[in-house]
Amino acid sequence: DVPTYKIQGYPYGGSLIERLREMGFATTAVHGVSGEFFSRRPAYDRMGFDRLIFREEFEHLAGAPVAGWSVPDDELLQFAAMDFSAQTGRQFQLAITATSHIPFHNYDRSLARFFPGSANIPESYFDVMHYVDRAVGRFLEALPQETTVVLYGDHISKVENPALGYRQAMWND
């Protein structure tokens with residue numbers, strides 16, 4: 001229940017990043033939150049990433065401060081696609097988004113499509129996921145052909161809305 005990057009001195013030998021670098025990939029981590037969040041910067045550095053682009057670097061590279069606790073997913077993913085496309089050779093990029101993280105308020109609320117003006121978390125979830133879906137679509141369209149993309153979530157949304165038929169359930173343990 002403790003992320004490894006919060007454990008001081010955790011041995012990252014044999015990490016995926018180490019293996020990819022051995023195979024000739026240049027490795028980049030792009031994360032819209034501060035590198036100090038969960039002590040990710042020192043952990044990613046120990047994992048062996050070639051380049052780290054956290055919120056601090058993003059603000060410098062984009063030339064503008066970021067409002068809220070994280071770079072909005074659409075901005076982050078457009079930057080990630082541009083950065084990925086600008087590199088040469090074999091590339092691995094880990095891009096971590098945060099707009100879809102509870103309480104779902106770190107995006108331009110004028111983009112809310114289903115429940116405009118709502119501060120209700122289950123309703124905000126649907127609007128945020130619609131925003132994220134569009135951001136991911138633009139990201140995929142901006143990547144070079146023959147790029148492999150893997151999407152994953154690291155935890156559930158913690159949101160249920162039975163009135164709309166949305167609930168979380170365990171499946172097969």
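Details of the structure are given in the entry above.
The structure displayed is predicted, hence computed values, not measured ones. Sequence order as written defines the numbering, with residues in each chain counted from 1. Where totals are concerned, whole chains, interfaces and linings use all residues; where local detail is concerned, this predicted model gives features only for residues with pLDDT of at least 70, and gives and counts side-chain atom pairs only at 80 or more. To obtain the side-chain values, all non-hydrogen atoms of the structure were used and water was disregarded.

S.K.: Honestly, a nonpolar patch on the surface in this entry has me stumped. Any pointers?
M.R.: Residues Val2, Ile7 and Tyr10 make up a contiguous nonpolar surface patch of about 250 Å² in total accessible area. Where helices and strands are cited, they refer to DSSP runs of H or I of at least four residues and of E of at least two residues respectively, numbered from the N terminus. Positionally, Tyr10 belongs in the segment before α1 (16–22). With a relative accessible area of 31%, Tyr10 lands in the partly exposed category. Patch membership needs two things, relative accessible area over 30% and no salt bridge, and members are linked within 9 Å if like-charged or within 5 Å if nonpolar (Val, Leu, Ile, Met, Phe, Trp, Tyr). Surface accessibility in these figures is a Shrake-Rupley result with a 1.4 Å probe; residues are shielded only by whichever protein chains are displayed. By convention in these notes, a salt bridge is any Lys or Arg side-chain nitrogen within 4 Å of a carboxyl oxygen on Asp or Glu. Burial classification: accessible surface area is computed with a 1.4 Å probe over protein chains only, and a residue below 20% of its type maximum counts as buried, one above 50% as exposed, and the rest as partly exposed.

S.K.: Looking at this model, I keep getting lost on the pairing of strand β1 (residues 26–31). Mind explaining?
M.R.: Strand residues, when the strand is regular, have side chains that alternate between the two faces of the sheet. The element β1 is extensively covered by neighbouring structure, given that five of its six residues are classed as buried. A pair of strands is labelled paired if DSSP reports no fewer than 2 bridges between them. The pairing of β1 with strand β3 (residues 91–96) spans six bridges and is classified as parallel. Within β3, the position partnered with Val30 by the bridge is Ala95. Considered for its hand, the β-α-β crossover made up of β1, helix α2 (residues 40–47) and strand β2 (residues 51–53) is right-handed. Note on handedness: a clockwise path from strand one over the helix to strand two, with the strands aimed away from the viewer, defines a right-handed crossover.

S.K.: How should I be thinking about the side chain of Gln93 in this particular structure?
M.R.: Tracing the chain through its elements places Gln93 in strand β3. Given a relative accessible area of 17%, Gln93 falls into the buried group. Polar contacts, as used here, are pairs of N or O atoms within 3.5 Å; protein pairs need one atom able to donate a hydrogen and one able to accept it. Residues neighboring in sequence count only if both atoms are side-chain atoms. Separated by 3.1 Å, the side chain of Gln93 and the backbone oxygen of Ala80 make a polar contact. Any two residues whose heavy atoms approach within 4.5 Å are treated as being in contact. Those residues in contact with Gln93, other than ones at most four positions away along the chain, are Thr28, Val30, Ala80, Asp83, Phe84 and Phe139.

S.K.: Even after reading the chapter, I still don't get helix α4 (residues 73–86), so can you show me in this structure?
M.R.: Taking 1.5 Å per residue as the helical rise, α4 with its 14 residues ought to reach 20 Å, and the 20 Å between its terminal C-alpha atoms agrees with that figure. Restricting attention to buried positions, one finds in α4 the residues Asp73, Asp74, Leu76, Leu77, Phe79, Ala80, Ala81, Asp83 and Phe84. Contacts made by the buried residues of α4 are with β1, β2, α3 (55–62), β3 and α5 (121–142). Expected span, for any helix, means 1.5 Å times one less than how many residues it has.

S.K.: Could you clarify how one ought to interpret the layout of surface pockets in this entry?
M.R.: Over the atoms rolls a probe the size of a water molecule, and its path tells where empty space is left. We place a 1 Å grid over just the protein atoms. Points where a 1.4 Å probe fits but has no way out form a cavity, open points with protein on both sides within 12 Å along at least 5 of 7 lines form a pocket, and any residue with an atom within 4 Å of a point lines it. Grid points are joined across faces, edges and corners, and a volume is the space filled by probe spheres set on the points. Put simply, the largest pocket is a space of about 1600 Å³. If you go around the largest pocket, you meet 45 residues; those closest to its centre are Leu94, Ala95, Ile96, Thr97 and Tyr152. Elements with a minimum of two residues in the lining of the largest pocket: α1, α2, α4, β3 and α5. If you tally residues by element for the lining of the largest pocket, the top one is β3, at six residues. Here the residues of the lining of the largest pocket are counted per class, giving 30 nonpolar, twelve polar and three charged. In this count, Pro and Cys sit with the nonpolar residues alongside Ala, Val, Leu, Ile, Met, Phe, Trp and Tyr, while Asp, Glu, Lys and Arg are called charged and the others, Gly among them, polar.

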